[in-house]
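Structure at a glance
Okay, here's what each chain looks like letter by letter:
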Number of protein chains: 2
Amino acid sequence: MKIVVQKFGGTSVATPESRRAAYRHIEQAKEDGYAVVVVVSAMGRRGDPYATDSLLSLLESSEASAAPVNLRERDMLMACGEIISAVVFAQELRARGHKVRAMTGAQAGILTSSDFGNARILDVRTDALHKALADGEIAIVAGFQGADEDGDVTTLGRGGSDTTATALGVALHAEVVDIFTDVSGIMTADPRIVDDARQLAQVTYTEICNMAYQGAKVIHPRAVELAMQGNVPIRVRSTMSDDPGTLVTQAARRLEHSSVFDQSVTGIAHTPNVAQIVVRGEGIGSSSIFQLMAEHQISLDFISVTPTEVAFTVPDGLADTAVHHLSQLGYRSQVRRGCAKVSAVGAGMMGVPGVMARIVDALASSGIDILQSADSHTTIWVLVDGSQMADAVRALHRAFQLAEV
Amino acid sequence: MKIVVQKFGGTSVATPESRRAAYRHIEQAKEDGYAVVVVVSAMGRRGDPYATDSLLSLLESSEASAAPVNLRERDMLMACGEIISAVVFAQELRARGHKVRAMTGAQAGILTSSDFGNARILDVRTDALHKALADGEIAIVAGFQGADEDGDVTTLGRGGSDTTATALGVALHAEVVDIFTDVSGIMTADPRIVDDARQLAQVTYTEICNMAYQGAKVIHPRAVELAMQGNVPIRVRSTMSDDPGTLVTQAARRLEHSSVFDQSVTGIAHTPNVAQIVVRGEGIGSSSIFQLMAEHQISLDFISVTPTEVAFTVPDGLADTAVHHLSQLGYRSQVRRGCAKVSAVGAGMMGVPGVMARIVDALASSGIDILQSADSHTTIWVLVDGSQMADAVRALHRAFQLAEV
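Residues numbered from 1 in each chain as written. Chains lettered and ligands numbered in written order. Predicted model: local features only at pLDDT ≥ 70, side-chain atom pairs only at ≥ 80, totals over all residues. Heavy atoms only, no water.

Under the convention used in this document: UniProt positions are given in the numbering used here, feature names are shortened, and annotations may be inferred rather than shown by experiment.
An unreviewed UniProt entry lists chain A under the name Aspartokinase, with Alicyclobacillus hesperidum given as the organism. Quoted verbatim from the Sequence similarities (unreviewed entry) field of UniProt, the annotation for chain A is "Belongs to the aspartokinase family." As recorded by UniProt, the Function (unreviewed entry) comment attached to chain A reads in full: "Catalyzes the phosphorylation of the beta-carboxyl group of aspartic acid with ATP to yield 4-phospho-L-aspartate, which is involved in the branched biosynthetic pathway leading to the biosynthesis of amino acids threonine, isoleucine and methionine."

Below, the structure is given as structure tokens:
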């Protein structure tokens, strides 16, 4: 039996029109001979009474807010949003003539840790899903949820329904996991910045993670990590079109790239609104600084440590808090707000010499200063002033000839 | 540990004001030294997005209605209404400083048959509830629901949350089950009809069943039956007052009744809008008539069979359908629409001679014709013309001196 898992997010679930578009994708998969497992999010429009936000607002009344919310019960409440979506999907598909079975996360066999609000999937017991598929049913699974060993409902937190979808894909040995969203695929750069940005036919798991982290928020890295571990391909696709989208695999074959030019960089991503904080001084206690930030739940990026200097970035909104805590430890820091991270992402840059050189050249010839840089095997990040972010993205897109197929 | 189960219906859950009133009752029970198990219904106002009706309307869209609704999934959907109520109750009680634990029906150990939409409770596994109570927590249980052996969510149908409450009361050996509602107790008759109708301090299980069936819809007979089997007292009380309400037990002690007059009749109930159907003829096939009605899901009342006549009542709205089906079997029937059932309810009438005589006298002296009558050990029913219903209720209330304590 060849299996596909298809995940539809909140905007795909919210209106009759978007749901009809979703059903056509499900029906196409059936016609193509797949057994189909559908994962749905809660109805995603703000103000919709069954959206997660609306459910949570029930716990924010003046009567309720005098005590911290119990996380176990918050999960019970939130899980209803996806259950409602699953039942609506199932009934509407039934009305279109299909055999269907709606399931909660727990019924779909998703066993998690008891970390309410941010539970980890420990196991997927696929018996019920296999039975449904063997019976010729389309399984509609409420995303974003599972249950712990005690039978308490949990939610998956970060990555939500994406994680449900890839976890099921791995457990069921699905041929592919379709993540339906409101973009038609992964672009070489943000088309609002780069006119000739182009949709990519394929990217690697690592590439999409770095792109997603950098602002192209189409799929959560946690979900990608699961798919990567199980080596199940993901397709990022649009609910509202038949575009095949972007295929995400271990090693993207760049067959479409006919240029003789190297394929070191796949896309350019960016994140605005970060602040650079620099602490200088002889014998600086860098570990005490990192400990302090961790204690206050401030996550750092772009960390650079030298004997006389510690530099890092935080979101603009946290800069004041960070500086305040540093001053309490006796550190004087220098802050530069309104910076932007620009990154060149490419699994193909491993071992290719001169990628950094080309980035530096491209930015310098556009008059853009690099405030700081960092790199991994698959991504090079530079920090620039926010006012130069768009120029930097365009310069790098051009330098790596990403508009050319 | 002395335990009380307190059930709050839809109107008690719906507004901050009514919920505050509910919390005061829960707190009073704690102060009185009880371990408290609370059972809640879904928010009960029409138009409230989390009311059962609103949830069900999601399955009635033009997209969904082309196929019959799947009962298993309808139960999944409906159960969310009570879960949402339970979480809101729990959080608001926590904000008032209490230790609380919200539970789904399944988590509270309610194991049911798989008759979706109308499941029977097979067992209550009280471990989780006992643990919560031992930990000093108020347990807040989502009413109207359970789960079957497969872990599928079920709803209890008729009797709903009342049944949850009495089933838990029996399983936990509760001292009493409080059914909070919008009336302050059981009255001797409808006060809109009888000016001097009086609230009863005590009634028996059988009496309240017959009164409830007859229109005083404060608690479902199915729930009462469970309490009766387990011999757990019920108190019917108002959420919005401190009135002790009406205590419902096996054998009501009529200590409050100081009159030397007999205590044969406790209350007068009534049901308007029934139609009397009479089929006459030699060698009439009464069993074929009953079979026919059962096939068409028409439930009959006031059945009277003689060799040449079959008479019964149906709700007015079903009279045409019943006559149509009878004519198809070749029976000509006579219909009298707009009748009313009036009943004298009293566990004390068993073995008391002359009760029927007094009813006939009272109605005759008020110029009211009895169209038909029926009786059980604890209730005498008479069928009268609807225009004389109120007069009949008043005449019987007077005849049995029910206004006198």
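**Some thoughts on helix H2 (residues 16-31) of chain A**
Residues and elements named next belong to chain A. Convention followed: Helix numbers and strand numbers start at the N terminus; a helix is a DSSP run of H or I with at least 4 residues, a strand a run of E with at least 2. Multiplying one less than the number of residues by 1.5 Å gives the expected span of a helix. For each residue, the accessible area found with a 1.4 Å probe, counting protein chains only, is set against the maximum for its type, and the residue is called buried under 20%, exposed over 50%, and partly exposed in between.
The terminal C-alpha atoms of H2 lie 22 Å apart, and with 16 residues this matches the ideal 22 Å at 1.5 Å per residue to within 8%. Buried residues of H2: Ser18, Arg19, Ala21, Ala22, Tyr23, His25, Ile26, Glu27 and Ala29, and no others. Following H2 by one or two positions, Gly33 adopts a phi angle in the positive range, close to 90°.

**Quick word on the side chain of Asp75 of chain B**
Residue and element names in this part refer to chain B. To keep it simple, the criterion reads: Just so you know, the count uses Lys and Arg for positive and Asp and Glu for negative, and it drops His and the chain ends. By salt bridge we mean one thing: a side-chain nitrogen of Lys or Arg within 4 Å of a carboxyl oxygen of Asp or Glu. Pairs of N or O atoms are called polar contacts if they sit within 3.5 Å, as long as, within protein, a hydrogen donor faces a hydrogen acceptor (for residues adjacent in sequence, only side-chain-to-side-chain pairs). Working rule for contacts: check all heavy atoms of both residues, and any pair within 4.5 Å makes them a contact.
With respect to the helices and strands, Asp75 occurs in helix H4 (residues 71-95). Buried within the structure, Asp75 lacks any salt-bridge partner; Arg74 is the closest side chain of opposite charge, at an N-O distance of 4.7 Å. Within the structure, the side chain of Asp75 is placed 2.9 Å from the backbone nitrogen of Thr155, a separation counted as a polar contact. Those residues within four positions of Asp75 in sequence are excluded, and the remaining contacts are Phe116, Gly117, Val153, Thr154 and Thr155.

**Observations regarding the UniProt feature "binding site: ATP" (unreviewed entry) in chain A**
Residue and element names in this part refer to chain A. Here the UniProt feature "binding site: ATP" (unreviewed entry) sits at Lys7, Phe8, Gly9, Gly10, Thr181, Asp182, Arg192, Lys217 and Val218. Structurally, Lys7 is set in strand E1 (residues 3-8). When near neighbours in sequence (up to four residues on either side) are disregarded, Lys7 contacts Val39, Ser41, Ser161, Asp162, Ala165, Asp178, Ile179 and Phe180.

**Considering the interface of chain B and chain A**
The line we're drawing: Accessible area, probed at 1.4 Å, shrinks when two parts are joined; the buried area is that loss added up over both. Gly counts as polar in this scheme, as do all residues outside two lists: the nonpolar Ala, Val, Leu, Ile, Met, Phe, Trp, Tyr, Cys and Pro, and the charged Asp, Glu, Lys and Arg.
Taken together, the contact pairs 39 residues of chain B with 39 residues of chain A. Counting each side, the surface lost to burial between chain B and chain A is near 3400 Å², with a carbon and sulfur contribution of 60%. For the chain B face of the interface with chain A, the top three residues by lost area are Glu63, Glu73 and Gln91 of chain B, together amounting to 18%. Connecting chain B to chain A are six salt bridges. Across the salt bridge formed by Glu63 of chain A and Arg20 of chain B, the nearest N and O atoms sit 2.5 Å from each other. Every element with two or more residues in the side of chain B that touches chain A is listed here: helix H2 (16-31), helix H3 (52-57), H4 and strand E3 (100-103) of chain B. Take the side of chain B that touches chain A: its biggest share by element is 14 residues, from H4 of chain B. When the residues that make up the side of chain B that touches chain A are grouped by side-chain class, the tally is 24 nonpolar, seven polar and eight charged.

**Things to note about the domain arrangement of chain A**
Here is the rule: Residue ranges assigned to each domain were obtained from an automatic or database domain assignment.
According to the domain assignment, chain A contains domain 1 (3-182) and domain 2 (267-399). For domain 1 of chain A versus domain 2 of chain A, the distance between C-alpha centres works out to 37 Å.

**Focus on the relation of the copies chain B and chain A**
To keep things clear, this is the line we draw: A residue counts toward the fit only if its pLDDT is at least 70 in both copies, and the copies are then superposed by least squares on the C-alpha atoms of those residues.
When chain B is fitted to chain A, the best match, at an RMSD of 0.1 Å, comes from turning it 180° and sliding it 0.0 Å along the axis. Considering both components of the superposition, the chain copies are consistent with a two-fold axis. In this assembly, 100% of the residues forming the interface of chain B have copies in chain A that are likewise at the interface, indicating an isologous arrangement.

**Structural notes on the pairing of strand E17 (residues 372-375) of chain B**
Looking along a regular strand, one sees side chains alternate from face to face of the sheet. Residue and element names in this part refer to chain B. Cut-off, in case you're wondering: Note: two strands are recorded as paired if DSSP finds a minimum of 2 bridges between them.
Pairing of E17 with strand E18 (residues 379-385) involves four bridges; the strand directions are antiparallel. Bridging from a neighbouring strand, Asp375 pairs with Ile380 of E18. Counting the residues that bridge the hairpin from E17 to E18 gives three residues.

**Focus on the confidence of the model for chain A**
Note the cut-off: Per-residue confidence from the predictor is reported as pLDDT, which spans 0 to 100.
Summary statistics for chain A give a mean pLDDT of 90 and a share of 95% for residues scoring 70 or more. In this model residues 255-261 of chain A is a low-confidence stretch, pLDDT under 50, and it forms twelve contacts with partners more than four residues away in sequence or in other chains.

**Regarding the UniProt feature "binding site: substrate" (unreviewed entry) in chain A**
Residue and element names in this part refer to chain A. The positions UniProt marks with the feature "binding site: substrate" (unreviewed entry) are Thr52 and Glu82. Spatial clustering of the annotated residues is evident: they stretch over 31 residues in sequence, but the largest pairwise C-alpha distance comes to 8.5 Å. Within the secondary structure, Thr52 sits in helix H3 (residues 52-57). Excluding anything up to four places from it in sequence, Thr52 contacts Ala42, Met43, Met78 and Glu82. Here Glu82 is to be found in helix H4 (residues 71-95). With residues up to four places along the chain from it excluded, the contact list for Glu82 reads Val40, Ser41, Ala42, Thr52, Ala142, Gly143, Phe144 and Gln145.

**Side note on the sheet that holds E3 of chain B**
Residues and elements named next belong to chain B. To keep it simple, the criterion reads: Think of each axis as a best-fit line through the C-alpha atoms, taken over the contacting stretch in the case of a helix, with angles from 0 to 180 degrees between the N-to-C directions.
Reading across the sheet, the eight strands line up as E3-E6-E2-E1-E9-E11-E12-E10 and stay open at both edges, with mixed pairing between neighbours. In the strand order of this sheet, the two ends are held by E3 and strand E10 (202-204), each with one partner. Mean inter-strand twist for the sheet, computed between neighbouring axes without regard to direction, equals 20°. As judged from the three bridges shared by E10 and strand E12 (residues 246-249), these two strands associate in the parallel manner. If you follow Gln202 over to E12, its bridge partner there is Leu247.

**Thoughts on the pattern of salt bridges**
All names here are of chain B. Using the criterion set out here, one finds 42 salt bridges over all chains in the structure. Here Glu73 ties to Arg72 by a salt bridge, and the two come within 4.0 Å at their closest N and O atoms. When its relative accessible area of 2% is taken as the criterion, Glu73 is described as buried. Notably, a salt bridge pairs Arg336 with Asp385, separated by 3.1 Å at the nearest N-O pair. Note that Arg336 is positioned in strand E16 (residues 333-345) and Asp385 in strand E18, a separation of 49 residues in sequence.

**Overview of the pairing of strand E13 (residues 267-280) of chain A**
All names here are of chain A. Counting buried positions along E13 gives eleven out of 14 residues, so the element sits mostly inside the fold. Of the strand pairs in this sheet, E13 and strand E16 (residues 333-345) are connected by ten bridges, and their pairing is antiparallel. For Val274, the partnering residue across the bridge sits in E16 and is Cys339. As paired elements, E13 and strand E15 (residues 309-315) share seven bridges and run antiparallel to each other. Looking across to E15, one finds that Gln276 is bridged to Thr313.

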